Amino acid sequence: MLILGIETSCDETAAAVVADGRTILSEVTLSQDLHNLYGGVVPELASREHTRTLVPVVREAISEAEISYDDLEGIAVTNGPGLVGALLVGLSFAKALSYSLNKPLVGINHLEAHIFSVLLERPELVPPFLCLIISGGHSNLYLVESLGRYRSIGSTRDDAAGEAFDKVAKLLGLGYPGGPAIDEVAKSGNRDFIKFPKARMKSGGYDFSFSGLKTAVAIYVSKLNEKELQKRRADIAASFQEAVVGALLDNTIAAAEEHRMARIAVCGGVASNSRLRERLKASSETQGLLVFYPSLELCTDNAAMVAAAGNFRLENFPPDDLELDAFPYLELGD
Amino acid sequence: MNEAGFLKASKEERLSISADRESTRKVVSSSPEETESLGERLAKKLSPGAIVALLGELGAGKTCFVRGVCRGLKVKERITSPSFIIINHYRGTLPVYHIDLYRLKGPQEFLFLGYEEYLFGEGVTLIEWAEKAEPYLPPETLSVSMRIIDETKRELSFSREPW
């Protein structure tokens, strides 16, 4: 099926056309370049910016895919979780488009879309597998029992992994987004310089907690003067990153063992972290696990993954009607 | 988008966020658990429409305090940081709006969010990084400034007698 995907759950305005859930014909995500086209920085949080930018983004996706609106066989749109105002912009637009073109509409859970960001490019990845979704807003561990059947086995008790990266980057005077900034500077740092508390839950299960780690870094940094911070920035970044990666890795490997999963998918913005990939590679080799990632462009929020999930939904379930609503706290699976 | 149609508070009436006012109550918490208990204790004093502004640096314990308030209001859901999503809703004995303005650049963006309806709603509104909405918070807002003393100790300063 030829599906138009629309994603406006947070800061990115994105549209994509994907054929059969496998072939990306176009993927447009409003980036800094496009922001410049519209004359200045788009206020990060404003859903009205989605209103302004969504139509040109969709037009560009259609034209880049070299198709017409009539060729579409379905419209998939993220309807949760996310910022409610932001979600509603994409949803209302998708409904209007579905109604006017008389094409089936399907609402997509943003977390399921992330799982499809891996499936889209890796046809050899078949359930059951373990999926770790790590981004600025999420840290979730799912058992993907079959496509469409997900069991949540762990999530964060406080901050998301990507959020911890962003906040610590700010403490260290590094840029935003914090993930890539810390990843880069950590390469020249000593990751054993400070033993930060590893964010692991005492009470069993596979939940994450990153707030205590963030606080430990905040307190450490507050004791340094500017010169000392300069000198130690890379070491602190590397030590912090090691603690986050360690917690993610420990939980994931332990869950894979307990649930006898031989395949692990890792997606979301933090999945591009180089140290995580390095350590996961080492562990997976020793344990005989196969690890799958999306390509770097599909790690962060995008609409291709929404279209891919939409393809699956529309092929297997009836479409949604125009009563479809946005759910800011939508959960995935049971 | 201007403030004219929104809060008509004059400069004098606006919440003055200051930890050193005479009416300030200071409490020292020596653990996250104690900070949570202080929040729980405060919850009993909150009525519909109450606004609590939480101020303080990263790691000061704002979310921890919120967790306590939520426990006091019998919220069953897990309290996580809303930094990314800006606002979490919880259902307790009163609706709880847990707002986190960390990612906002300033007060203008707060207006942009259109959250004023929460401030005058039936629920309790807890705002982390309230510094970024300061000009728009009504005078009845209770502010709690949190300061890191050391690894475990935090100083909480209330803008007025909270108990």
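Within each chain, residue numbers correspond to sequence positions counted from 1 in written order. Each chain gets a letter, beginning with A, and each ligand a number, beginning with 1, in the order they are written. Confidence filtering applies because this is a predicted model: local features only for residues at pLDDT of at least 70, side-chain atom pairs given and counted only at 80 or more, and all residues used for totals across whole chains, interfaces and linings. With hydrogens and water stripped out, all remaining heavy atoms of the structure feed into the side-chain values.

Q: Can you explain the overall build of chain A? Please cite residues and give values.
A: Numbering of helices and strands runs from the N terminus, with a helix taken as a DSSP run of H or I at least four residues long and a strand as a DSSP run of E at least two residues long. Of the regular secondary structure elements, chain A holds eleven helices and ten strands. Our radius of gyration looks at C-alpha atoms and nothing else; its globule reference is 2.2 Å times the residue count to the power 0.38. Taking 20 Å as the expected radius of gyration for a compact globule of 334 residues, we find that chain A reaches 20 Å, a close match to that expectation. Projected onto its principal axes, the C-alpha coordinates of chain A cover approximately 60 × 50 × 30 Å. Any residue under 20% of the maximum accessible area for its type is buried, any over 50% is exposed, and the rest in between are partly exposed; the area is computed with a 1.4 Å probe on protein chains only. Looking at chain A as a whole, 57% of its 334 residues are labelled buried. It only takes one pair of heavy atoms within 4.5 Å for two residues to be counted as in contact. When contacts within chain A are restricted to residue pairs at least 6 apart in sequence, long-range pairs at least 24 apart make up 74% of them. Only the protein chains shown count as cover for residues, and the accessible areas themselves come from Shrake-Rupley with a 1.4 Å probe. Total accessible area on chain A stands at roughly 13500 Å², and carbon and sulfur atoms take up 51% of it. Just so you know, the count uses Lys and Arg for positive and Asp and Glu for negative, and it drops His and the chain ends. For the purpose of locating charges, the reference atoms are NZ of Lys, CZ of Arg, CG of Asp and CD of Glu. Averaging the coordinates of the 31 positive side-chain charges in chain A and doing the same for the 44 negative ones gives two points 10 Å apart.

Q: Go over the sheet that holds strand β1 (residues 2-7) of chain A with me, naming the residues and quoting the values.
A: Residues and elements named next belong to chain A. Strands pair, by our definition, only if DSSP identifies at least two bridges between them. What the five strands build is an open sheet, ordered β3-β2-β1-β4-β5; its pairing is mixed. Each edge of the sheet is formed by a strand with only one pairing partner; in this case those strands are β3 (23-29) and β5 (105-109). Pairwise comparison of adjacent strand axes, ignoring direction, gives a mean angle of 20 degrees for this sheet. Pairing analysis gives four bridges linking β1 to strand β4 (residues 74-80), with the strands arranged parallel. The residue bridging Gly-5 from the neighbouring strand is Ala-76, located in β4. To get an axis, fit a line to the C-alpha atoms, keeping to the stretch in contact for a helix; angles then go from 0 to 180 degrees between the N-to-C directions. Against the sheet, helix α2 (residues 47-64) contacts β1, β2 (14-19) and β3, and its axis sits at roughly 155 degrees relative to β3.

Q: How would you sum up helix α3 (residues 84-101) of chain A? Please name residues and give values.
A: Residue and element names in this part refer to chain A. Helix span, as expected, comes to 1.5 Å for every residue beyond the first. The end-to-end C-alpha separation of α3 is 25 Å, in line with the 26 Å expected for 18 residues at 1.5 Å each. Buried residues in α3 make contact with β1, α2, β4 and β5. Immediately downstream of α3, the backbone of Asn-102 shows phi near 60 degrees, a positive value.

Q: Before we move on, could you go through the packing of aromatic side chains and cite the residues and values that matter?
A: Between the rings of Phe, Tyr and Trp (Trp by its six-membered ring), a pair exists once the centres lie within 6.5 Å; its type follows the angle of the planes, with under 30 degrees stacked, over 60 edge-to-face, and the other angles tilted. Taken as a whole and judged by the stated rule, the model has seven aromatic pairs over all chains. Members of the aromatic cluster, joined through ring pairs, are Phe-116, Phe-312 and Phe-317 of chain A. The ring of Tyr-102 of chain B has Lys-170 of chain A lying over it, and the distance from NZ or CZ to the ring centre is 4.9 Å. Each ring is checked for a lysine NZ or an arginine CZ that lies within 6 Å of its centre and within 35 degrees of its normal; such an atom marks a charge sitting over the ring.

Q: Describe in detail helix α5 (residues 161-171) of chain A, supporting the description with residues and values.
A: Counted residue by residue, α5 of chain A has nine buried out of eleven residues, so it is predominantly covered. Residues Ala-161, Gly-162, Glu-163, Ala-164, Phe-165, Asp-166, Lys-167, Val-168 and Ala-169 of chain A constitute the buried set of α5 of chain A. On its buried face, α5 of chain A is in contact with β6 (129-134), β7 (139-146), α6 (178-186), α7 (211-222) and α8 (226-258) of chain A together with β4 (95-100) of chain B. Following α5 of chain A by one or two positions, Gly-173 of chain A adopts a phi angle in the positive range, close to 70 degrees.

Q: Run through the state of the cysteines, naming residues and quoting values.
A: What counts as a disulfide here is a pair of cysteine sulfur atoms lying within 2.5 Å. Summed over all chains, the structure comprises zero disulfides over all chains. Free cysteine Cys-267 of chain A: the closest other cysteine sulfur is in Cys-131 of chain A, separated by 3.7 Å. Accessibility expressed as a relative area gives 0% for Cys-267 of chain A, which makes it buried. There is no disulfide at Cys-64 of chain B, and the cysteine sulfur nearest it, in Cys-70 of chain B, is 11 Å away. Owing to a relative accessible area of 13%, Cys-64 of chain B belongs among the buried residues under this scheme.

Q: Lay out the packing of helix α1 (residues 32-43) of chain B against helix α2 (residues 62-72) of chain B with the relevant residues and their values.
A: All names here are of chain B. Across the interface, α1 lies against α2 with an axial gap of 6 Å and an inter-helix angle of 45 degrees. Between α1 and α2, the angle is such that the two are oblique. Where α1 crosses over α2, the two elements pack in a sense that is right-handed. On α2, the residues that touch Pro-32, Thr-35, Glu-36, Ser-37, Leu-38, Gly-39, Glu-40, Leu-42 and Ala-43 of α1 are Cys-64, Phe-65, Arg-67, Gly-68, Val-69, Arg-71 and Gly-72. What sets the label is the angle itself: under 35 degrees gives roughly parallel, over 145 gives roughly antiparallel, 65 to 115 gives roughly perpendicular, and the rest give oblique. Here is the rule for handedness: rotate from the far helix to the near one, and if that takes an anticlockwise turn smaller than a right angle the crossing is left-handed, while a clockwise turn gives right-handed.

Q: So, the domain arrangement of chain A: which residues are in play, and what are the values?
A: All names here are of chain A. Where each domain begins and ends is defined by an automated method or by a domain database. As far as domains go, chain A holds domain 1 (2-115 + 298-316) and domain 2 (127-293). Measuring from the centre of the C-alpha atoms in domain 1 to the corresponding centre in domain 2 gives 28 Å. Summing both partners gives a buried area of about 1100 Å² for domain 1 against domain 2, and 74% of it is carried by carbon and sulfur. For the domain 1 face of the interface with domain 2, the top three residues by lost area are Leu-111, Ile-115 and Cys-299, together amounting to 53%. Salt bridges are defined by distance alone: a side-chain nitrogen of Lys or Arg within 4 Å of a carboxyl oxygen of Asp or Glu. Scanning the region where domain 1 abuts domain 2 turns up zero salt bridges. By the criterion applied in these results, polar contacts are pairs of N or O atoms within 3.5 Å in which, for protein atoms, one can donate a hydrogen and the other can accept it, and in which residues neighboring in sequence qualify only through two side-chain atoms. Here domain 1 and domain 2 share two residue pairs in polar contact (both at pLDDT 80 or more) between them. Those elements that provide at least two residues to the side of domain 1 that touches domain 2 are α4 (110-121) and α11 (304-316). Looking at the side of domain 1 that touches domain 2, the element that brings in the most residues is α4, giving five residues. Considering only residue class, the side of domain 1 that touches domain 2 consists of five nonpolar, three polar and four charged. Summed over both partners, buried area is the accessible surface (1.4 Å probe) that two parts give up on being assembled. Gly is put with the polar residues, along with every residue not named as nonpolar or charged; the nonpolar set is Ala, Val, Leu, Ile, Met, Phe, Trp, Tyr, Cys and Pro, and the charged set is Asp, Glu, Lys and Arg.

Q: Tell me about the interface of chain A and chain B, and please be specific about residues and values.
A: Facing the 30 residues of chain A at the interface are 28 residues of chain B. Around 2400 Å² of area is buried between chain A and chain B when both sides are counted, 58% of it from carbon and sulfur atoms. For the pair chain A and chain B, the number of links is three salt bridges. Between Asp-11 of chain A and Arg-103 of chain B there is a salt bridge, and its shortest N-O distance comes to 3.1 Å. Elements that contribute at least two residues to the side of chain A that touches chain B include exactly α5 and α7 of chain A. Its residues placed into classes, the side of chain A that touches chain B shows eleven nonpolar, six polar and 13 charged.

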